[in-house]
Amino acid sequence: MERGILVHVQSQNRLLLGPGPSSVHPEVLKAMATPLVGHLDPYFLEVMADTQSMLRQVFQTENELTLAMSGTGSAGMETVFVNLLEPGDKVLICICGVFGERMKDIAVRSGANVLTVEAAWGQPIEPEDVQAALKSSSGVKAVAIVHAETSTGVWQPLEEISRIVHDYGALFIVDAVTSLGGIPVEVDRLGIDACYSGTQKCLGAPPGLAPVTLSPRALDVVRNRKTKVQSWYLDLNMIANYWGEDRFYHHTAPISMLFSLHEALRLLLEEGLHQAFKRHAQNGDYLQRELQAMGLQLFAAEGFRLPQLTSVIFPDKYDEGKLRKQLLEDYGIEVGGGLGALKGKAWRVGLLGHSSQHRNVTLLIQAMKQMMGI
Ligand SMILES: *Cc1c(COP(=O)(O)O)cnc(C)c1O
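Source: prediction; values computed, not measured.

Peer 1: Any chance you could explain the packing of aromatic side chains here in plain terms?
Peer 2: Two aromatic rings are characterised by how far apart their centres lie and by the angle between their planes. Scanning the model with the defined rule gives three aromatic pairs in all. Aromatic side chains Phe 314 and Tyr 318 sit 6.3 Å apart centroid to centroid with 70° between the ring planes, which places their arrangement in the edge-to-face category. For the pair formed by Phe 314 and Tyr 318, the shared burial category is buried. Taken together through their ring pairs, the aromatic side chains of Phe 314, Tyr 318 and Trp 347 make up a single cluster.

Peer 1: Whenever I open this one, the packing of helix H12 (residues 320–331) against helix H13 (residues 358–372) confuses me. Can you help?
Peer 2: Two measures define how a pair of helices packs: the angle their axes make with one another and the distance between the axes. Where H12 contacts H13, the axes come no closer than 11 Å and their chain directions differ by 115°. Relative to H13, H12 is oriented so that their crossing is right-handed. On H13, the residues that touch Leu 323, Gln 326, Leu 327 and Tyr 331 of H12 are Leu 364, Ala 367, Gln 370, Met 371 and Met 372. Each residue belonging to the contact of H12 with H13 can be placed in one class, and the counts come to seven nonpolar, two polar and no charged.

Peer 1: Before we go on, may I ask you to explain the UniProt feature "binding site: substrate" (unreviewed entry) in the protein in this structure?
Peer 2: Residues given the UniProt feature "binding site: substrate" (unreviewed entry) here are Arg 348. Following the sequence through the fold, Arg 348 ends up in strand E15 (residues 346–350). With relative accessibility at 7%, the residue Arg 348 sits in the buried group. Here the side chain of Arg 348 touches Thr 150 through a polar contact of 3.0 Å, landing on its backbone oxygen.

Peer 1: Looking at this structure, how should I read the site of the ligand?
Peer 2: In the vicinity of the ligand lie 14 residues, with Thr 72, Ser 74, Thr 150, Gln 200 and Lys 201 positioned nearest. Measuring from an oxygen atom of the ligand, one finds a side-chain N or O atom of Thr 178 at 2.9 Å. Between the ligand and the protein, one listed contact pairs an oxygen atom with a side-chain N or O atom of Gln 200 at 2.7 Å. In the complex, the protein chains occlude 90% of the 380 Å² of accessible area that the ligand would expose alone. At the level of elements, helix H4 (73–84) and helix H5 (98–109) are the ones that each hand at least two residues to the shell around the ligand. Ranked by residues supplied to the shell around the ligand, first place goes to H4 with three residues. Its residues assigned to classes, the shell around the ligand shows five nonpolar, six polar and three charged.

Peer 1: Just to check I follow, could you spell out the side chain of Gln 156 for this structure?
Peer 2: Turning to its location among the elements, Gln 156 is positioned in the loop between strand E7 (154–155) and helix H7 (159–167). Accessibility expressed as a relative area gives 2% for Gln 156, which makes it buried. Once you skip the residues sitting within four places of it in the chain, Gln 156 turns out to touch Pro 124, Ile 125, Ile 145, Val 146, His 147 and Ile 161.

Peer 1: In this structure, what is going on with the domain arrangement of the protein? I would like to understand it.
Peer 2: A common measure of how large an interface is: the accessible area buried when the components associate. The domain architecture assigned to the protein consists of domain 1 (2–22 + 272–372) and domain 2 (26–269). The straight-line distance from the C-alpha centre of domain 1 to that of domain 2 is 26 Å. With 27 residues of domain 1 at the contact, the number on the domain 2 side is 31 residues. Taken together, the two surfaces of domain 1 and domain 2 that pack against each other cover about 2200 Å², and 68% of this comes from carbon and sulfur. Inspection of the region where domain 1 meets domain 2 yields zero salt bridges. At the junction of domain 1 with domain 2, the criterion picks out ten residue pairs in polar contact (both at pLDDT 80 or more).

Peer 1: Is there a simple way to explain the pairing of E15 in this structure?
Peer 2: Side-chain direction in a regular strand flips from residue to residue, so the side chains alternate between the two faces of the sheet. The element E15 is extensively covered by neighbouring structure, given that five of its five residues are classed as buried. Burial along E15 is two-sided: Ala 346, Arg 348 and Gly 350 facing one way and Trp 347 and Val 349 facing the other are all buried.

Peer 1: Would you take a moment to explain the pattern of salt bridges for this structure?
Peer 2: Where side chains of opposite charge bring their charged atoms close, a pairing between them can arise. One pass over the structure, following the stated rule, counts 14 salt bridges. For Arg 266, the salt bridge is made with Glu 263, and the minimal N-O distance between the two is 2.9 Å. With a gap of three residues between them, Arg 266 and Glu 263 both fall in helix H10 (residues 255–271), about one helical turn apart. When its relative accessible area of 35% is taken as the criterion, Arg 266 is described as partly exposed. Exposure remark for Glu 263: the relative accessible area of 12% places this residue in the buried category. For Arg 266, the salt bridge goes to Glu 270, with nearest N and O atoms at 3.3 Å.

Basis of the calculations
Residues numbered from 1 in each chain as written. Predicted model: local features only at pLDDT ≥ 70, side-chain atom pairs only at ≥ 80, totals over all residues. Heavy atoms only, no water. Phe/Tyr/Trp six-rings, centres within 6.5 Å; stacked < 30°, edge-to-face > 60°. Buried < 20%, exposed > 50% of the residue type's maximum accessible area, 1.4 Å probe, protein only. Axes fitted to C-alpha atoms, helices over the stretch in contact; angles between N-to-C directions. Helix = DSSP H or I, 4+ residues; strand = E, 2+ residues; numbered from the N terminus. Left-handed = near helix turned anticlockwise from the far one by under 90°. Contact = heavy atoms within 4.5 Å. Nonpolar A, V, L, I, M, F, W, Y, C, P; charged D, E, K, R; others polar. UniProt positions renumbered as here; feature names shortened; annotations may be inferred. Polar contact = N/O pair within 3.5 Å; in protein donor to acceptor, adjacent residues only side chain to side chain. Near = heavy atom within 4 Å. Areas by Shrake-Rupley, 256 points an atom, 1.4 Å probe, with all protein chains shown as cover. Domains from an automatic or database assignment. Buried area = accessible area lost by both parts, 1.4 Å probe. Salt bridge = Lys/Arg side-chain N within 4 Å of Asp/Glu carboxyl O.

In structure tokens form, the structure reads like this:
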């Protein structure tokens with residue numbers, strides 16, 4: 001490398017409009033360059049406590065156990081499954097895209113007895129299907145679902161499913177990796193027992209931490225396990241002691257990442273959750289209207305489209321891979337390709353966190369029109 005990383009990246013001037021990471025606010029990046037303090041320094045403990053309190057506001061919860069796990073969103077997913085499930089436990093996983101599949105993979109690896117409910121890609125999970133699955137199999141300990149399915153762009157309604165899950169006495173697990181900060185994630189009002197997210201989607205920080213919150217009922221389950229959590233690193237029984245009053249050393253906290261998350265949360269709450277949701281809704285709507293006006297089809301079912309993540313299908317005459325490469329090289333804009341059945345056929349455009357700006361949509365649409373000769 002002849003040039004330093006900073007000079008190289010700055011000269012490329014990338015705009016990140018893919019499914020994550022998103023472009024972050026300069027103040028968030030600056031926070032990462034803060035000189036280090038020790039991970040047990042009283043000032044750092046204050047930053048952690050502050051971060052917890054801001055995470056509770058963003059998750060809309062009073063849950064005592066609310067913290068940021070060291071690792072990306074998938075570490076949050078794994079944390080919830082390995083702590084709540086013991087070998088042989090029955091868990092019902094809802095699958096309508098890549099991230100539902102990933103939950104299943106992790107649940108199987110934790111030794112659980114995994115049942116599934118599925119919906120076609122592009123569609124949400126139907127409450128009746130969850131009800132039927134719970135009715136036909138007794139003793140399901142937990143039901144897990146993805147709130148914002150990043151592989152398809154579907155916004156999964158949760159209210160009715162939560163009611164059904166609790167009618168059957170199960171714990172309700174929700175993946176909020178792409179939803180938190182972009183659309184409302186009302187942990188307490190919806191009775192969500194375990195919820196996890198990631199920093200690089202709508203929270204507007206670099207990848208590296210996974211916010212997690214557990215209801216008192218879910219925490220009870222973790223505290224009263226018969227077997228030890230199979231992952232030492234992700235064991236909440238120990239990690240809660242570091243984030244809680246005891247401040248018991250478990251592993252060295254990623255200090256710079258926590259500084260950046262703290263700044264990202266501060267900015268989000270300064271804007272106001274309500275305003276941030278409105279911004280995501282308006283820019284998503286603008287993008288989706290413009291894409292349709294260009295004659296392109298949106299993949300997610302109408303009425304269930306996320307404002308922060310849009311899957312758009314290209315007619316056969318276009319080579320989406322070539323267009324995506326040209327978009328990056330000539331315009332400096334990154335978008336995501338399709339996954340699974342959408343591979344080679346679609347783009348996934350993210351307007352996540354700080355990337356969700358009106359002018360970013362205008363730039364993208366103009367670039368697409370130029371490239372496609374529209
Ligand atoms: C991105 C994503 C994940 C995984 O997060 P990583 O940070 O990539 O580990 C999990 N679930 C959903 C819905 C996601 O969008």
